[in-house]
Amino acid sequence: MDTLKVYIITGISGSGKTTVAQAFEDASFYCIDNMPMELVPKVLELPLGENSKVKGAAFVMDMRSQAFLNTFVSGVSALEEMGVSPVIIFLEADTQTLVKRFSQTRRHHPLDNGKNLLDSIKAEKQSMACVRQLAHKIIDTSNFNVHQLKAQILHLVSHDAVCENFMKLNIMSFGYKYGIPVDADNVVDLRFLANPYFVPELKAQNGESDAVKTFVLETPEAKNFLEIYNNLIDYLVPLYKKENKAYLTFAFGCTGGRHRSVAVSRAVFERLVKKGLNPNLQHRDIDRDLKEL
């Protein structure tokens, strides 16, 4: 059996296990919530590793399963005998925070059984003490919001060298006559640049042609703009990554989305490729105004 990186996510109810599972999914892990320990070996026998996009497996298990405490230790031992060394992440939070979270979600505690919430939390913490002792990583989520907790997990996973880049960076050109892209995070209006549309020999070409690129990009205004805006991109991208943003789109617009925006988007894209950021490039409206030429 090919060995995948395996994480077990466990801990106290209300401590953020669902958020952590979502972070693992964002990092291209195969995730199963409320997983019985005895079924983990069966899942790992599946050819998950044949999909190059799957970086590993993450299983969420806790006191929702009545057999959890009785099977956890023996289950970890069974995995190790198979040659799998799972990384156990244990999530917890202080009692006040847990009470607040249960109040906000209006969900019942899994150990309710007629007890009040405080007694249920106390009982779970006592029961989970033996599991906590086996954890490789203990995370107190009391002072984390959702984004901070996801960032913590992505940082942990990246240090385990199983994935490299979580944020998808997109560069887009568009035409204002067709509307601003709804998925754009940063929009730049390039209509201050000279327009090749009014140059007869350039009108029928687009911003991917050498002639249009030269016309647009070799002007002092374009050169100054690119220097300033490229510095801004270099500043913003790490900050967006820090905030655990999944997608980041820089959109460059001109009147028809065929000349100026295409040439500038291509220049920005090629620079980011050289920096190893692996961006995507989309010319949304490059051919939409052909009928007007």
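Keep in mind it's a predicted model, so treat the numbers as computed, not measured. (Residues numbered from 1 in each chain as written. Predicted model: local features only at pLDDT ≥ 70, side-chain atom pairs only at ≥ 80, totals over all residues. Heavy atoms only, no water.)

Enquirer: How would you summarise the overall build of the chain if you had to cite specific residues and measurements?
Expert: Secondary structure summary: the chain contains 11 helices and 9 strands in total. In summary, the chain has a C-alpha radius of gyration of 26 Å against a globular reference of 19 Å for 293 residues, an excess of more than 25%. C-alpha extents for the chain along the principal axes are approximately 80 × 45 × 35 Å. With 293 residues in all, the chain has 46% of them scored as buried. Long-range pairs, those at least 24 residues apart, make up 77% of the contacts in the chain with a sequence separation of at least 6. Split by element, the accessible area of the chain, about 15600 Å² in all, is 49% carbon and sulfur. (Helix = DSSP H or I, 4+ residues; strand = E, 2+ residues; numbered from the N terminus. Rg over C-alpha atoms; globule rule 2.2 N^0.38 Å. Buried < 20%, exposed > 50% of the residue type's maximum accessible area, 1.4 Å probe, protein only. Contact = heavy atoms within 4.5 Å. Areas by Shrake-Rupley, 256 points an atom, 1.4 Å probe, with all protein chains shown as cover.)

Enquirer: Please give an account of empty space enclosed by the protein that cites residues and values.
Expert: According to the stated counting rule, one finds 1 cavity of 30 Å³ or more in the structure shown. Each pocket or cavity is described by its volume, and for the largest cavity that value is around 40 Å³. Forming the walls of the largest cavity are Met 35, Pro 36, Met 37, Glu 38, Met 61, Ser 65, Ala 67, Phe 68 and Thr 71. A per-class count over the lining of the largest cavity returns 6 nonpolar, 2 polar and 1 charged. (1 Å grid on protein atoms, 1.4 Å probe; cavity = no way out; pocket = protein on both sides within 12 Å on 5 of 7 lines; lining within 4 Å. Points joined across faces, edges and corners; volume = space filled by probe spheres on them. Nonpolar A, V, L, I, M, F, W, Y, C, P; charged D, E, K, R; others polar.)

Enquirer: How would you sum up the layout of surface pockets? Please name residues and give values.
Expert: Roughly 670 Å³ of internal volume is contained in the largest pocket. What lines the largest pocket is a set of 24 residues, and nearest its centre among them are Gly 14, Ser 15, Gly 16, Thr 18 and Arg 107. For the lining of the largest pocket, the secondary structure elements donating two or more residues are helix H1 (17–26), helix H4 (95–105) and helix H7 (146–159).

Enquirer: Please give an account of the packing of aromatic side chains that cites residues and values.
Expert: Think of a pair of aromatic rings as described by two things: how far the centres are apart, and how the planes are tilted against each other in angle. With the rule as written, the count across this model stands at 10 aromatic pairs. Relative to Phe 29, the ring of Phe 24 has its centre 5.1 Å away and its plane inclined at 75 degrees; by these criteria the two rings are edge-to-face. Note on accessibility: Phe 24 and Phe 29 belong to one class, buried. On the basis of an interplanar angle of 90 degrees and a centroid distance of 5.3 Å, the ring pair of Tyr 197 and Phe 198 is categorised as edge-to-face. Counting every residue linked through ring pairs, the aromatic cluster contains Phe 192, Phe 225, Tyr 229, Phe 250 and Phe 252. When the ring centre of Tyr 176 is taken as origin, the NZ or CZ atom of Arg 191, which lies over that ring, is 3.8 Å away. Just above the ring of Tyr 178 sits the side chain of Arg 288; from NZ or CZ to the centre is 4.0 Å. (Phe/Tyr/Trp six-rings, centres within 6.5 Å; stacked < 30°, edge-to-face > 60°. Lys NZ or Arg CZ within 6 Å of the ring centre and 35° of its normal.)

Enquirer: Give me the lowdown on the sheet that holds strand E8 (residues 247–254), citing residues and values where you can.
Expert: If you walk across this open sheet you meet the 4 strands as E7-E8-E6-E9, and the pairing is parallel. At either end of the open sheet lies a strand with only one pairing partner, and these are strand E7 (186–189) and strand E9 (280–283). For this sheet, the mean inter-axis angle between neighbouring strands, taken without regard to orientation, is 15 degrees. Each of strand E6 (168–175), E7 and E8 is contacted by helix H10 (residues 220–242), which is oriented at about 160 degrees to E8, the strand it contacts most. Sheet contacts for helix H11 (residues 260–274): E6, E8 and E9; angle to E6, the most-contacted strand, approximately 165 degrees. (Pairing = 2+ DSSP bridges. Axes fitted to C-alpha atoms, helices over the stretch in contact; angles between N-to-C directions.)

Enquirer: Let's hear about the nonpolar core: which residues, and what values?
Expert: Grouped together as the largest cluster of nonpolar side chains are 29 residues, with contacts concentrated most on Ile 8, Met 37, Val 40, Leu 44, Phe 59, Met 61 and Phe 72. Of all the secondary structure elements, the ones that give two or more residues to this core are strand E1 (5–11), helix H2 (40–44), strand E3 (56–60), helix H3 (68–81), strand E4 (87–92) and helix H5 (117–127). For this core, the element with the highest residue contribution is H3, accounting for 4 residues. If we ignore the near neighbours within four places in the chain, the residues touching Ile 8 are Met 37, Phe 59, Met 61, Phe 72, Val 76, Leu 79, Pro 86, Val 87, Ile 88 and Ile 89. By size, the runner-up hydrophobic cluster in this structure holds 26 residues, among which are Val 188, Val 199, Val 216 and Leu 236. (Core = buried A, V, L, I, M, F, W, Y, C linked by side-chain atoms within 4.5 Å.)

Enquirer: Give me the lowdown on the pattern of salt bridges, citing residues and values where you can.
Expert: Here the structure, examined in full by the defined rule, presents 13 salt bridges. Asp 62 serves as the salt-bridge partner of Lys 17, at 3.5 Å between the closest nitrogen and oxygen. With Lys 17 in helix H1 and Asp 62 in the loop between E3 and H3, this residue pair connects regions lying 45 residues apart in the sequence. The pair Lys 17 / Asp 62 is uniform in exposure class, with both members buried. Where Arg 284 meets Asp 285, a salt bridge forms, and the shortest distance between an N and an O atom there is 2.8 Å. It is possible to trace a salt-bridge network through shared partners that takes in Lys 17, Asp 33, Asp 62 and Arg 64. (Salt bridge = Lys/Arg side-chain N within 4 Å of Asp/Glu carboxyl O.)

Enquirer: Residue-level account of the side chain of Ser 142, with values.
Expert: As for its position among the elements, Ser 142 is in the loop between strand E5 (137–140) and H7. Exposure remark for Ser 142: the relative accessible area of 14% places this residue in the buried category. Among the polar contacts listed, one links the side chain of Ser 142 to the side chain of Asp 140, at a separation of 2.6 Å. The contact partners of Ser 142, leaving out residues within four places of it in the chain, are Glu 92, Ala 93, Asp 94, Thr 97 and Arg 101. (Polar contact = N/O pair within 3.5 Å; in protein donor to acceptor, adjacent residues only side chain to side chain.)

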